[in-house]
Amino acid sequence: NAGVTQTPKFQVLKTGQSMTLQCAQDMNHNSMYWYRQDPGMGLRLIYYSASEGTTDKGEVPNGYNVSRLNKREFSLRLESAAPSQTSVYFCATAGRYNSPLHFGNGTRLTVT
Amino acid sequence: DAKTTQPNSMESNEEEPVHLPCNHSTISGTDYIHWYRQLPSQGPEYVIHGLTSNVNNRMASLAIAEDRKSSTLILHRATLRDAAVYYCILNRASYDKVIFGPGTSLSVIP
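1. Quick look at the overall build of chain B
Step number 1: When helices and strands are counted, chain B shows zero helices and nine strands.
Step number 2: Scanning chain B from its N terminus toward the C terminus, one meets helices and strands in the order β-β-β-β-β-β-β-β-β.
Step number 3: Its C-alpha atoms give chain B a radius of gyration of 13 Å, within 12% of the compact-globule value 13 Å for 110 residues.
Step number 4: The buried share of chain B, taken over its 110 residues, is 46%.
Step number 5: A separation threshold of at least 6 residues defines the contact pool for chain B, and within that pool the share at least 24 residues apart is 57%.
Step number 6: Total accessible area on chain B is roughly 5,500 Å²; 47% of this is exposed by carbon and sulfur atoms.
Step number 7: Both charge centroids of chain B, one from 9 positive and one from 11 negative side chains, sit 6 Å from each other.

Now the structure itself:
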């Protein structure tokens with residue numbers, strides 16, 4: 001029972017490159033979230049998905065796209081990476097409404 | 001979105017109780033109060049949550065003001081392992097965005 005799995009754990013990109021961060025959960029949760037955390041800062045919501053087939057913008061969606069491929073998977077895509085997107089990215093899931101969020105271990109992304 | 005306000009940082013001596021405050025004056029009737037903590041270099045982990053009544057679990061206690069405009073996370077006996085950033089958030093009783101603030105950085109002094 002892995003919970004919330006994020007891949008890759010680490011990634012270095014050059015400015016302008018693209019990549020997709022993957023998040024998969026085996027908890028049968030409906031809601032999934034993508035957050036970013038800059039050094040010394042709190043978490044900021046990028047996008048979220050309340051259920052399979054739906055996605056909505058969070059606080060800082062610019063420069064990102066998401067796909068809720070099925071109930072298990074929620075991916076985050078950077079089409080043209082910028083140094084300002086250097087951050088740690090966390091995926092989280094939640095079951096029924098108001099239930100706790102469960103976080104993955106994060107993807108540490110550096111854009112040079 | 002309803003917001004929460006927490007002190008940036010707090011200190012506690014080891015083995016003493018810690019009271020971490022959170023203000024949420026614009027809370028709505030359907031907002032649950034959740035607390036998470038984030039240890040260094042890890043993802044956040046759930047601590048406790050409640051709606052109106054005080055709550056206890058093995059990690060902590062949550063005291064909610066009668067008007068629900070503030071709450072306090074209580075760690076009964078701080079240990080060095082409790083040094084972390086603690087986040088108080090409001091989780092609406094619907095499938096909605098969940099916003100984190102900057103949290104409170106707790107230092108525990110041996």
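2. Here we look at the interface of chain A and chain B
Step number 1: Listed as interface residues are 23 residues of chain A and, on the opposing side, 22 residues of chain B.
Step number 2: Interface of chain A and chain B: buried area, both sides summed, is about 1,800 Å²; carbon and sulfur atoms make up 60% of it.
Step number 3: A per-residue breakdown of the area chain A buries against chain B is headed by Leu43, Tyr97 and Asn98 of chain A, which together make up 29% of the total.
Step number 4: For the pair chain A and chain B, the number of links is zero salt bridges.
Step number 5: Where chain A meets chain B, there are four residue pairs in polar contact (both at pLDDT 80 or more).
Step number 6: The element that contributes the greatest number of residues to the side of chain A that touches chain B is strand S4 (residues 31-37) of chain A, accounting for four residues.
Step number 7: For the side of chain A that touches chain B, a count of residues per class yields 12 nonpolar, eight polar and three charged.

3. A word on the pairing of S4 of chain A
Residues and elements named next belong to chain A.
Step number 1: Most of S4 is tucked away, with seven of its seven residues classed as buried.
Step number 2: Both S4 and strand S9 (residues 87-94) contribute to a ladder of seven bridges, which runs antiparallel. Directly across from Tyr33, in S9, lies its bridge partner Ala92.
Step number 3: Taken together, the six bridges between S4 and strand S5 (residues 43-49) define a ladder with antiparallel strand orientation. Across the sheet, Tyr35 pairs through a bridge with Leu45, a residue of S5.
Step number 4: Linking S4 to S5, which pair antiparallel, is a turn of five residues; within it Gly40 sits at a positive phi near 75°.

Definitions and cut-offs
- Residues numbered from 1 in each chain as written.
- Chains lettered and ligands numbered in written order.
- Predicted model: local features only at pLDDT ≥ 70, side-chain atom pairs only at ≥ 80, totals over all residues.
- Heavy atoms only, no water.
- Helix = DSSP H or I, 4+ residues; strand = E, 2+ residues; numbered from the N terminus.
- Rg over C-alpha atoms; globule rule 2.2 N^0.38 Å.
- Buried < 20%, exposed > 50% of the residue type's maximum accessible area, 1.4 Å probe, protein only.
- Contact = heavy atoms within 4.5 Å.
- Areas by Shrake-Rupley, 256 points an atom, 1.4 Å probe, with all protein chains shown as cover.
- Lys, Arg positive; Asp, Glu negative; His and termini not counted.
- Charge placed at Lys NZ, Arg CZ, Asp CG, Glu CD.
- Buried area = accessible area lost by both parts, 1.4 Å probe.
- Salt bridge = Lys/Arg side-chain N within 4 Å of Asp/Glu carboxyl O.
- Polar contact = N/O pair within 3.5 Å; in protein donor to acceptor, adjacent residues only side chain to side chain.
- Nonpolar A, V, L, I, M, F, W, Y, C, P; charged D, E, K, R; others polar.
- Pairing = 2+ DSSP bridges.

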